[in-house]
Amino acid sequence: MDAGAESAEEVVIVGAGPTGLTAALRLTQLGVPHVVLDAAATPTQTSNAALVHASTLELLAELGAADQLIEAGGKVVRIVMVDRGRVLARIGLTGVPSRHPFALSVPQSTTEQVLLRRLGTSVRRDHRVTAVREDGDGYLVTGTAGSPAGPVPFEVRARYVIGADGSNSVVRSAAGLDFPGETYPSQFVLADAELAGRPFADDEATINLSARGVTVIGRLPGGTHRIIATVDPGLDVPRAPGRAYMDALLSERGIDTRLAADPVWSSRFRVHHRVADRFRVGGVFLAGDAAHVHSPAAGQGMNTGIADAYDLSTRLAAVLNGLAAEPVLDGYETERRTAALEVLRFTDRMTKLATLRGPVARTARRIAVGTGSRIGPLRHQVTMWITGLKRSPLRSDLPLVTPRRAEPTREESR
Ligand SMILES: Cc1cc2nc3c(=O)[nH]c(=O)nc-3n(C[C@H](O)[C@H](O)[C@H](O)COP(=O)(O)OP(=O)(O)OC[C@H]3O[C@@H](n4cnc5c(N)ncnc54)[C@H](O)[C@@H]3O)c2cc1C
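Since the model is a prediction, treat every value here as computed from it, not as a measurement. (Residues numbered from 1 in each chain as written. Predicted model: local features only at pLDDT ≥ 70, side-chain atom pairs only at ≥ 80, totals over all residues. Heavy atoms only, no water.)

Asker: What is the right way to read the packing of aromatic side chains from this model?
Answerer: The relation between two aromatic rings is expressed through the spacing of the ring centres and the mutual angle of the planes. Evaluation of the coordinates by the stated rule reveals five aromatic pairs. Their ring planes at 55° and their centres at 6.3 Å tell us that Tyr 160 and Phe 285 sit as a pair that is tilted. Of this pair, Tyr 160 sits in strand S10 (residues 152-163) while Phe 285 sits in strand S19 (residues 284-286), and the two are 125 residues apart along the sequence. The same class applies to Tyr 160 as to Phe 285, namely buried. Ring geometry for Phe 346 against Trp 385: centres 3.7 Å apart, planes inclined by 25°, an arrangement best described as stacked. Here Trp 385 lies in helix H10 (residues 376-386) and Phe 346 lies in helix H8 (residues 330-354), a separation of 39 residues in the sequence. Under the relative-accessibility criterion, Phe 346 is labelled buried at 16%. With a relative accessible area of 6%, Trp 385 lands in the buried category. Members of the aromatic cluster, each reached through a chain of ring pairs, are Tyr 160, Phe 279, Phe 285 and Tyr 332. (Phe/Tyr/Trp six-rings, centres within 6.5 Å; stacked < 30°, edge-to-face > 60°. Helix = DSSP H or I, 4+ residues; strand = E, 2+ residues; numbered from the N terminus. Buried < 20%, exposed > 50% of the residue type's maximum accessible area, 1.4 Å probe, protein only.)

Below is the structure:
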């Protein structure tokens with residue numbers, strides 16, 4: 001369709017990040033007509049969310065996208081907590097009741113590519129949504145689209161709208177929803193880089209505690225490592241930390257490795273923890289970062305968004321395919337806002353524990369982590385939580401939905 005033209009759909013998905021693409025894939029699978037609009041000209045090119053957990057792999061397997069992703073990634077079977085060279089705890093990811101008992105290390109750009117390939121249909125790129133308003137028994141989504149002649153307005157009518165447009169969501173603002181929460185005082189540094197030597201096992205992610213902050217290191221496919229570290233507020237951090245900065249950071253934290261070259265990608269950022277007041281206003285829904293953002297501790301952001309998308313699009317398909325009544329949609333906010341609040345509380349506790357200051361607090365942390373990790377049931381609970389299996393949509397009471405039957409053609413109906 002030409003940019004600027006009007007169209008009508010059952011569902012409009014705003015945002016083609018991992019959340020929007022998963023929603024599109026599930027709706028396609030269940031035969032629900034929809035359109036995906038994204039402001040960006042291209043998909044994500046960087047590694048951002050680099051850990052895909054067991055529960056997400058189960059969801060992606062339902063969508064026929066897990067095998068390809070697993071082929072492209074590397075398995076992480078253990079998280080190791082280390083305090084200046086001393087191992088405090090080993091949390092195995094293999095003893096979980098899942099077909100995929102591991103986490104997958106894979107760049108977000110690859111995850112999006114796999115979802116896009118599986119989706120087959122195109123995303124309307126260069127389509128920036130600026131407003132969503134009620135229109136009869138549905139919604140009118142409007143914005144501007146890029147075209148060779150310059151930006152042109154577009155509008156799409158839909159019965160339902162999914163706001164999967166990230167943390168600065170326009171859909172959330174249009175629905176009049178607040179995004180209450182706070183920003184952590186610590187700064188975060190991220191670098192994807194080749195390390196000199198192999199200080200860690202390839203199938204482990206390490207969480208290194210120290211008086212200067214926490215440093216998480218895990219291997220990415222292709223031989224580079226992801227380093228993500230907290231840095232005290234007030235310290236100068238370059239916008240794109242280079243080799244010298246990262247080497248000094250590793251050295252002062254007692255981590256026995258150095259970079260082999262400048263990072264292939266690095267960045268500094270602040271982290272917010274916020275959850276939208278509501279995830280639904282009428283036929284407008286929020287999912288993924290548009291609905292909740294939290295600390296990167298335990299890599300939950302993208303995983304939670306993918307679970308939101310699967311839950312929501314299954315419920316929408318149940319209603320649109322005539323298999324359930326509207327109240328089934330209420331379950332989305334009940335299930336997924338509760339899940340988001342749990343994620344926020346857990347990642348908040350982990351972030352505060354990780355950024356504790358003072359020798360007494362750090363000794364207490366060392367003892368608590370060491371002792372806690374030796375208590376089997378507690379360790380199991382933590383693993384079920386980190387892998388997302390505790391709150392997976394596949395283990396909730398989602399309606400059973402069969403794909404919509406194609407309308408018979410005139411030939412078939414004779
Ligand atoms: C550096 C970094 C590291 C991270 N590490 C991890 C990690 O290890 N593990 C983890 O789980 N998470 C991590 N995250 C978070 C993770 O990337 C996000 O949680 C995830 O991308 C959320 O997906 P989403 O689809 O909800 O939103 P996004 O990925 O933000 O996608 C939103 C999409 O909406 C589009 N859009 C925005 N506004 C509009 C508009 N007005 N009209 C149309 N389209 C619009 C954007 O172009 C974008 O494509 C990290 C993030 C960053 C930045």
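Asker: Hey, could you run me through the nonpolar core in this one?
Answerer: Nonpolar side chains in soluble globular proteins tend to be buried together. Grouped together as the largest cluster of nonpolar side chains are 76 residues, with contacts concentrated most on Val 11, Ile 13, Leu 60 and Ile 162. A total of 11 residues in this core trace back to one element, the largest contributor, which is helix H7 (residues 301-320). Here Ile 13 is in contact with Gly 20, Ala 23, Ala 24, Leu 27, His 34, Val 35, Val 36, Leu 37, Ile 162 and Ala 164, once residues within four sequence places are set aside. (Core = buried A, V, L, I, M, F, W, Y, C linked by side-chain atoms within 4.5 Å. Contact = heavy atoms within 4.5 Å.)

Asker: I would appreciate a short explanation of the site of the ligand in the present structure.
Answerer: Among the 30 residues in the neighbourhood of the ligand, the closest are listed as Thr 19, Asp 38, Gln 108, Asp 289 and Met 302. Between a nitrogen atom of the ligand and a main-chain N or O atom of Val 129, the distance comes to 3.0 Å. Protein chains bury 80% of the 1,000 Å² of accessible surface belonging to the ligand in isolation. When contributions to the shell around the ligand are tallied by element, the ones reaching two or more residues are helix H1 (18-29), strand S8 (127-135) and H7. The residue makeup of the shell around the ligand, split by class, is 14 nonpolar, 12 polar and four charged. (Near = heavy atom within 4 Å. Polar contact = N/O pair within 3.5 Å; in protein donor to acceptor, adjacent residues only side chain to side chain. Areas by Shrake-Rupley, 256 points an atom, 1.4 Å probe, with all protein chains shown as cover. Nonpolar A, V, L, I, M, F, W, Y, C, P; charged D, E, K, R; others polar.)

Asker: Would you mind going over the side chain of Glu 58 with me for this structure?
Answerer: Along the polypeptide, Glu 58 turns up in helix H2 (residues 54-62). The class of Glu 58 is buried, set by a relative accessible area of 5%. Filtering out sequence-adjacent residues up to four positions away, Glu 58 remains in contact with Pro 97, Ser 98, Arg 99, His 100, Leu 389, Leu 394 and Arg 395.

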